[in-house]
Amino acid sequence: MGSAMTDRHPYYEFEKDTYEIDEFDCSSIFLFVGKERALLLDTGCGIGDLKGVIRKITDKPYIVIASHGHMDHIGGAGAFDELYINPADNYFLDVSFEKMLENRRNYADFIRTREDKYYPYSTEKDMLCWERKPKLLPLSDGQTFDLGGRIITAYSCPGHTPGEMIFIDSKTRYLFCADACNRNLLLMQSGDHTEGRYVSVEKAAKAMERIASMKDQYDHVINSHHDYRGFGAPLADYVVDQALECMKKIVDGTAEIREIPDPLQLNATKTVAVYGDVFITYSKEGVYETR
């Protein structure tokens, strides 16, 4: 899988042997290095040579995990032989390589336009079609990965997608919540409404309540997009609690509803429920679908 661009991704060791790799504002990728092996959390859209970045950081063998099935998290998975993913999100990979490439390029081009910044890559030259699909390995609730001196534990957190997973690192005591909890929490997706491809806000709230109840296991929370935090910096301590409270207010019908600019569309707005600094995509029909 060749590319004109090699390994220019910015990365930052924000804790010992713990790296945030920035895929040019499209998404954040995390690399955990243990004494025996490493773990790569997400693969971004697949811009350039992610493997080259990993080689600069460590020469240890590593496993690759997807927090969920959206293309800005699994788009680079075609460069790897195996991918752990919650089977509930496998359907996101049931598209042609060509269609996936189109979606990946469109998203990266959108981010470039939205941010109005220079990025050292070409979507045509540096985002290439997969040559093969990685072998999909099941990722389940409570599954642990012993890297030697640190253990990464995966937990199911349906809401953003049916198979969304979050991760707790025993070494840093960070909760890596991927897209399960941001200040801008996306629980709605237009499109395919078939059974099993959406998560009710009631179910999402129960998952978030479980994560909030596990605070004795983590000290900091970090998500997979740094739009609302500094690069390499955690989210505000209150985000999980505010997200949970916002979901509860949606369920009991007391949520404050606003129209705000949509960060994933140009010159468009979306309806959200708001609590504190957190806003959650809102559906007037009362259905909160995955995005």
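Reading guide: rules and limits
- Residues numbered from 1 in each chain as written.
- Predicted model: local features only at pLDDT ≥ 70, side-chain atom pairs only at ≥ 80, totals over all residues.
- Heavy atoms only, no water.
- Helix = DSSP H or I, 4+ residues; strand = E, 2+ residues; numbered from the N terminus.
- Expected span 1.5 Å × (residues − 1).
- Buried < 20%, exposed > 50% of the residue type's maximum accessible area, 1.4 Å probe, protein only.
- Contact = heavy atoms within 4.5 Å.
- Pairing = 2+ DSSP bridges.
- Axes fitted to C-alpha atoms, helices over the stretch in contact; angles between N-to-C directions.
- Phe/Tyr/Trp six-rings, centres within 6.5 Å; stacked < 30°, edge-to-face > 60°.
- Lys NZ or Arg CZ within 6 Å of the ring centre and 35° of its normal.
- Disulfide = S-S within 2.5 Å.
- Salt bridge = Lys/Arg side-chain N within 4 Å of Asp/Glu carboxyl O.
- Arc of directions from axis to C-beta.

(A) Fine view of helix H6 (residues 239-252). Given a rise of 1.5 Å per residue, 14 residues ought to cover 20 Å, and the 20 Å separating the end C-alpha atoms of H6 matches this to within 8%. Within H6, burial applies to Val-239, Val-240, Gln-242, Ala-243, Leu-244, Cys-246, Met-247 and Ile-250. Where H6 is buried, its residues meet strand S12 (184-185), helix H5 (201-212), strand S13 (220-223), strand S15 (269-275) and strand S16 (278-281). Following H6 by one or two positions, Gly-253 adopts a phi angle in the positive range, close to 80°.

(B) Quick peek at the sheet that holds S13. Sheet architecture is open: 5 strands sit in the order S8-S9-S10-S11-S13, paired in mixed fashion. Of all the strands in the sheet, just strand S8 (144-146) and S13 have a single pairing partner and so form its edges. Within this sheet the neighbouring strands show an average axis-to-axis angle of 20°, counted without direction. Two strands pair when backbone bridges link them, and strand S10 (residues 165-169) and strand S11 (residues 174-178) are joined in this way by 2 bridges, in the antiparallel orientation. If you follow Phe-167 over to S11, its bridge partner there is Phe-176.

(C) Up close: the packing of aromatic side chains. For the coordinates displayed, the defined rule picks out 16 aromatic pairs. Relative to Trp-130, the ring of Phe-97 lies with its centre 5.6 Å away and its plane at 55°, an arrangement referred to as tilted. Remark: Trp-130 occurs in the loop between helix H4 (123-126) and strand S7 (135-138) and Phe-97 occurs in helix H3 (residues 97-115); sequence separation between them is 33 residues. Take Phe-97: its relative accessible area is 23%, and that puts it in the partly exposed class. Members of the aromatic cluster, each reached through a chain of ring pairs, are Phe-14, Phe-30, Phe-32, Tyr-174 and Phe-176. The positively charged end of Arg-112 is found above the aromatic ring belonging to Tyr-121, 4.7 Å away from the centroid.

(D) Quick look at the state of the cysteines. Per the counting criterion, the structure on display carries 0 disulfides. In this structure Cys-181 is not part of a disulfide, and its nearest cysteine sulfur, from Cys-177, lies 5.2 Å away.

(E) The pattern of salt bridges, seen in detail. Going through the model one piece at a time under the given rule, you end up with 16 salt bridges. The closest approach of N and O atoms between Arg-173 and Asp-219, which form a salt bridge, is 2.8 Å. Taken together, the residues Arg-173 in the loop between S10 and S11 and Asp-219 in the loop between H5 and S13 connect sequence positions 46 residues apart. Its relative accessible area of 44% is what places Asp-219 among the partly exposed residues. Among the salt bridges present, the one from Glu-209 reaches Lys-248, with a minimum N-O distance of 3.9 Å. With a gap of 39 residues between them, Glu-209 in helix H5 and Lys-248 in helix H6 connect regions that are remote in the sequence. The class of Glu-209 is partly exposed, set by a relative accessible area of 41%. Here Lys-248 falls in the partly exposed class, since its relative accessible area comes to 35%. A single salt-bridge network, built from bridges that share partners, covers Arg-114, Glu-115 and Asp-227.

(F) Spotlight on H5. Compared with an ideal rise of 1.5 Å per residue, which puts 12 residues at 16 Å, H5 spans 16 Å between its outermost C-alpha atoms and is within 8% of the ideal. Within H5, burial applies to Val-201, Ala-204, Ala-205, Ala-207, Met-208, Ile-211 and Ala-212. Along the long axis of H5, the arc covered by the buried residues comes to 165°, so they all point the same way. Those residues of H5 that are buried lie in contact with S10, S11 and H6.

(G) Broad picture of unusual backbone geometry. Positive phi outside glycine occurs at Asp-42, with the angle close to 75°. Take Asp-42: it is sitting in the loop between strand S4 (38-41) and helix H1 (50-57). By relative accessible area, which is 1% here, Asp-42 ends up buried. Here the phi dihedral of Ala-178 falls at roughly 50°; this positive angle occurs in a residue that is not glycine. One can find Ala-178 in strand S11.

(H) Region of the structure containing the pairing of S15. Counting buried positions along S15 yields 5 of 7 residues, so the element is predominantly enclosed. Inspection of the sheet shows S15 paired to S16 by 4 bridges, in the antiparallel sense. Of the residues in S16, the one forming a bridge with Ala-273 is Ile-280. Adjacent in sequence and paired antiparallel, S15 and S16 are bridged by 2 residues, among which Gly-276 carries a positive phi angle near 60°.

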